[in-house]
Amino acid sequence: MKIDVRSVHFDLSDQSRQYLDTKISRIDYAKDMIVDLLFVFTKDAGQFRLEVTANFRWGKQAHIVETSLELIPGIDVLIDKLDQKIVKEKEKIQEKK
């Protein structure tokens with residue numbers, strides 16, 4: 001699973017990147033299902049827009065967007081939503097087998 005993190009209009013601190021890496025470890029169970037995760041964090045007018053695009057190995061793509069006033073709580077919510085989406089996609093694939 002390839003992970004790409006980009007920050008727009010601000011510099012992502014090492015501490016924030018480590019926090020994100022810690023949260024991503026929660027979805028390690030899906031690393032064989034996901035080709036890559038593309039994170040884009042944008043800061044505009046004091047608010048963060050957090051986006052993640054997950055490309056699944058069977059060709060499906062999931063795009064999740066979260067807005068938050070603070071980066072760390074926004075990352076928490078974004079990863080929670082991503083985790084739910086992965087579970088949902090996994091169930092869909094198992095139903096088709």
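The model shown is predicted, which means the values in this text are computed figures rather than measured ones.

Visitor: Please clarify how helix α1 (residues 14-24) should be interpreted in this entry.
Guide: Spacing of three or four residues puts side chains on the same side of an α-helix, whose turn is 3.6 residues. All buried positions along α1 are accounted for by S16, L20, K23 and I24. Within α1, the buried residues cover an arc of 100° as seen down the axis, which keeps them to one side. Facing away from the buried side of α1 by more than 90 degrees, the exposed set consists of D14, Q15, Q18 and T22.

Visitor: Looking at this structure, I do not really get the sheet that holds strand β3 (residues 47-56). What am I missing?
Guide: Adjacent strands of a sheet form backbone hydrogen bonds with each other and so pair up, either parallel or antiparallel. Taken in spatial order, the four strands line up as β1-β2-β3-β4 in an open sheet, and their pairing is mixed. On the outer flanks of this sheet lie β1 (2-8) and β4 (61-68), each paired with one strand and no other. With direction set aside, neighbouring strand axes in the sheet form an average angle of 10°. Where β1 meets strand β2 (residues 34-44), seven bridges bridge the pair, whose relative direction is parallel. Paired with S7 across the two strands is F41, which belongs to β2. Taken strand by strand, α1 contacts β1 and β2, and its axis lies near 145° from that of β1. Across the sheet, helix α2 (residues 71-96) lies against β2, β3 and β4, angled at about 155° from β4, the strand it touches most.

How each quantity is defined
Residues numbered from 1 in each chain as written. Predicted model: local features only at pLDDT ≥ 70, side-chain atom pairs only at ≥ 80, totals over all residues. Heavy atoms only, no water. Buried < 20%, exposed > 50% of the residue type's maximum accessible area, 1.4 Å probe, protein only. Helix = DSSP H or I, 4+ residues; strand = E, 2+ residues; numbered from the N terminus. Arc of directions from axis to C-beta. Pairing = 2+ DSSP bridges. Axes fitted to C-alpha atoms, helices over the stretch in contact; angles between N-to-C directions. Contact = heavy atoms within 4.5 Å.

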